[in-house]
Amino acid sequence: MPLWVGPMNTHLNGHKELTAQNEIVTVKPKGDVYIPLSNGNNAAVEVLVKEGDKVKVGSLLAKRSVPFIVPLYSSVSGTVGPVKSMMHAVLKPCDHLVIHDDGKYEKIQAFKPLDFEKASREELVDFIMNSGLQGCGGAGFPTYMKYKNPVGINTLIINAVECEPYITADYRTMKEFIEDLVYGTKALLKASTAKEAIIAIKKNKVEVCHKIQALLATEPNIRLFMVPDLYPMGWERTLVHKYTNKRYDKLPSEIGVIVNNATTAVTLAQSLKLGKATDEKIVTFSGDGLKHPVNVRVPYGTTIKDVVEAIGGYSSEDVLLIAGGPMMGKTITTDQFVVTQYANAITILKTKPEEALACMRCGRCNDTCPAGLLPVRINNAEAAKDLDLIAKLSADQCIECGLCSYICPSRIDVTEGVRRAKRALQLRKK
Ligand code: SF4
Ligand code: SF4
């Protein structure tokens, strides 16, 4: 049984107004792009090009095959450079293939488009695998894996909730490509074998909700599901429970549900129609650490440094960089890492030195935790290096939502302590 019992009723200041209404800005890299060959997990990769080869946007560069198949296509045209170790957004160094961008962006069709309505379900799933599509909600899990052997699936949930503060990339992507959202949802519905699909979105996205509803008038098996503006409503467990009133242990498929992010559906639609691999991403660059927060459209593999310079630079010398949103993202100490195919946001905040006070035992962190944990007790157990107690307190169930730090009146970074506790448990298991 999952431990999740929390109240799920925290409304956060979303700061979405910083970027939600601005047009998406196209940014190009300044010279080289760096294609991550793994997601920081040292997966086996076969590089299919050699230094000096000419490539175009859409050229197949490499293929990961263990533990999942993920082909990697070029995001720019130019010349293949060396393999270089660089920091990845998951906070680990990993190999990146350098492509010297020639600035021409010449394209080739990466693969043949597919009429998914005529194709068999198996052909569709193979197409998703060969397109290299990875979940665009930030996790980067290969999409085809969820659809390979679906058993007893009743519902497909397209997650357009985007509950993290600052992030508006899904919202802007949906606004721009609303027909692709529905087309991609139809394709994923077929791949899932489910009877119905729902597109889950916050009810305050009125304009987009109306447009989706109009498009769904002729789609009897797809419905809009509007949810309140609460955090972490977009967390998979919360959303699945909100819709089905059921809980699961590890994967939503245990209760007949598959969940994919809205931008993943849009990206699949474009691959099906155009034979196009994911070569660029719409990513939110936001926070008070930037002069001009905005959503950018950028070739994947472009460094954060190049993007920040192109959109006007930092607003302060002392900033905190977060790969993702401020609640669930990871703080990273350099801007020399790249936009991945599944990145959705970079949050950049001015550093505000704040001294933590002693814990006043108010219990707010415990009351707020959506996973039903006792964060302050885990934090204390971590400080005492008491691994048995950490295990007993189920620290491994933490989803790193950041609420326990957000809510703490003593400004204690409780989440960081819980993260350390989780890592210590993982190390012990190994
Ligand atoms: S980060 Fe804190 S509030 Fe969020 S799940 Fe983990 S322990 Fe609970
Ligand atoms: S919210 Fe902060 S002050 Fe209150 S119990 Fe938790 S750690 Fe202590």
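Structure's up top.
Bear in mind that the values here come from a model prediction, so they are computed numbers and not experimental data.

Caption draft 1: Region of the structure containing the overall build of the chain. Across its full length, the chain holds 13 helices and 17 strands. Over its C-alpha atoms the chain spans a radius of gyration of 21 Å, differing by no more than 12% from the 22 Å that the globule rule assigns to 430 residues. Classification of the 430 residues of the chain by burial places 57% in the buried group. The long-range share in the chain, meaning contacts at least 24 apart out of those at least 6 apart in sequence, stands at 71%.

Caption draft 2: Expanded view of the sheet that holds strand β6 (residues 70-73). Here three strands make up an open sheet; going across it, the order is β3-β5-β6 and the pairing antiparallel. Sheet topology places β3 (44-47) and β6 at the edges, where each strand pairs with a single neighbour. Neighbour to neighbour, the strand axes of the sheet diverge by 20° on average, direction disregarded. Two strands pair when backbone bridges link them, and strand β5 (residues 60-66) and β6 are joined in this way by four bridges, in the antiparallel orientation. Bridging from a neighbouring strand, K63 pairs with P71 of β6.

Caption draft 3: Quick look at the site of ligand 1. Surveying the vicinity of ligand 1 reveals the residues C369, P370, P375, C398, I399, E400, C401, G402, C404, T415 and V418. When atom positions are compared with the pocket grids, ligand 1 is found to occupy the largest cavity. Looking at the shell around ligand 1 residue by residue, the class counts come to eight nonpolar, two polar and one charged.

Caption draft 4: Focus on the environment of I99. Mapping I99 onto the fold places it in strand β8 (residues 93-101). Counting along the chain gives 35 residues from I99 to R64, while the straight-line C-alpha distance between them is 18 Å. Excluding residues that lie within four positions of it along the chain, I99 makes contacts with G31, D32, V33, I35, V55, L61, S74, V76, T79, V80 and G81.

Caption draft 5: Summary view of the pattern of salt bridges. Throughout the structure, instances matching the rule amount to 23 salt bridges. The salt bridge partner of D279 is K276, with a shortest N-O separation of 3.7 Å. In this structure, the salt-bridge partner of K422 is E400, at a minimum N-O distance of 3.0 Å. Taken together, the residues span a long stretch of sequence, with K422 in helix α13 (residues 414-429) and E400 in the loop between α11 (387-392) and α12 (403-407) at a distance of 22 residues.

Caption draft 6: Geometry of the packing of helix α4 (residues 178-192) against helix α5 (residues 206-215). At a minimum axis distance of 10 Å, the contact between α4 and α5 shows a crossing angle of 50°. Overall, the two elements α4 and α5 adopt an arrangement that is oblique. The hand of the α4/α5 crossing is right-handed. Contacts from I178, E179, L181 and V182 of α4 reach α5 at V208, K211, I212 and L215. Here the residues of the contact of α4 with α5 are counted per class, giving six nonpolar, no polar and two charged.

Caption draft 7: Broad picture of the packing of helix α10 (residues 375-383) against α13. Where α10 meets α13, the axes come as close as 8 Å, and the angle between the chain directions of the two elements is 60°. On the basis of the axis angle, α10 is oblique to α13. The handedness of the crossing between α10 and α13 is left-handed. Residues P375, V376, I378, N379 and E382 of α10 touch α13, and the partners they reach there are V414, G417, V418, R420 and A421. Of the residues in the contact of α10 with α13, the class split is six nonpolar, two polar and two charged.

Caption draft 8: Broad picture of empty space enclosed by the protein. If you walk through the whole model with that rule in mind, you get two cavities of 30 Å³ or more. Looking at the largest cavity, its volume works out to about 100 Å³. As for the largest cavity, its lining consists of 16 residues, of which C369, P375, C398, C401 and C404 are closest to the centre. Elements represented by at least two residues in the lining of the largest cavity include exactly α9 (364-368), α12 and α13. Grouping the amino acids of the lining of the largest cavity by side-chain chemistry returns 12 nonpolar, three polar and one charged. Roughly 30 Å³ of internal volume is contained in the second largest cavity. P36, N39, R64, L72, H88, Q134, T340, Q341 and Y342 are the residues that line the second largest cavity. Partitioning the lining of the second largest cavity into residue classes produces three nonpolar, five polar and one charged.

Caption draft 9: Structural detail: the packing of aromatic side chains. Tallied over the full model, the rule gives five aromatic pairs. Relative to F141, the ring of F68 has its centre 5.2 Å away and its plane inclined at 75°; by these criteria the two rings are edge-to-face. Within this pair, whereas F68 is found in the loop between β5 and β6, its partner F141 is found in the loop between α1 (121-131) and α2 (144-147), the two being separated by 73 residues in sequence. Judged by relative accessible area, F68 falls into the partly exposed class, the value being 24%.

Parameters at a glance
Residues numbered from 1 in each chain as written. Chains lettered and ligands numbered in written order. Predicted model: local features only at pLDDT ≥ 70, side-chain atom pairs only at ≥ 80, totals over all residues. Heavy atoms only, no water. Helix = DSSP H or I, 4+ residues; strand = E, 2+ residues; numbered from the N terminus. Rg over C-alpha atoms; globule rule 2.2 N^0.38 Å. Buried < 20%, exposed > 50% of the residue type's maximum accessible area, 1.4 Å probe, protein only. Contact = heavy atoms within 4.5 Å. Pairing = 2+ DSSP bridges. Axes fitted to C-alpha atoms, helices over the stretch in contact; angles between N-to-C directions. Near = heavy atom within 4 Å. 1 Å grid on protein atoms, 1.4 Å probe; cavity = no way out; pocket = protein on both sides within 12 Å on 5 of 7 lines; lining within 4 Å. Sits in = over half its atoms within 2 Å of the grid points. Nonpolar A, V, L, I, M, F, W, Y, C, P; charged D, E, K, R; others polar. Salt bridge = Lys/Arg side-chain N within 4 Å of Asp/Glu carboxyl O. Parallel < 35°, antiparallel > 145°, perpendicular 65-115°, else oblique. Left-handed = near helix turned anticlockwise from the far one by under 90°. Points joined across faces, edges and corners; volume = space filled by probe spheres on them. Phe/Tyr/Trp six-rings, centres within 6.5 Å; stacked < 30°, edge-to-face > 60°.

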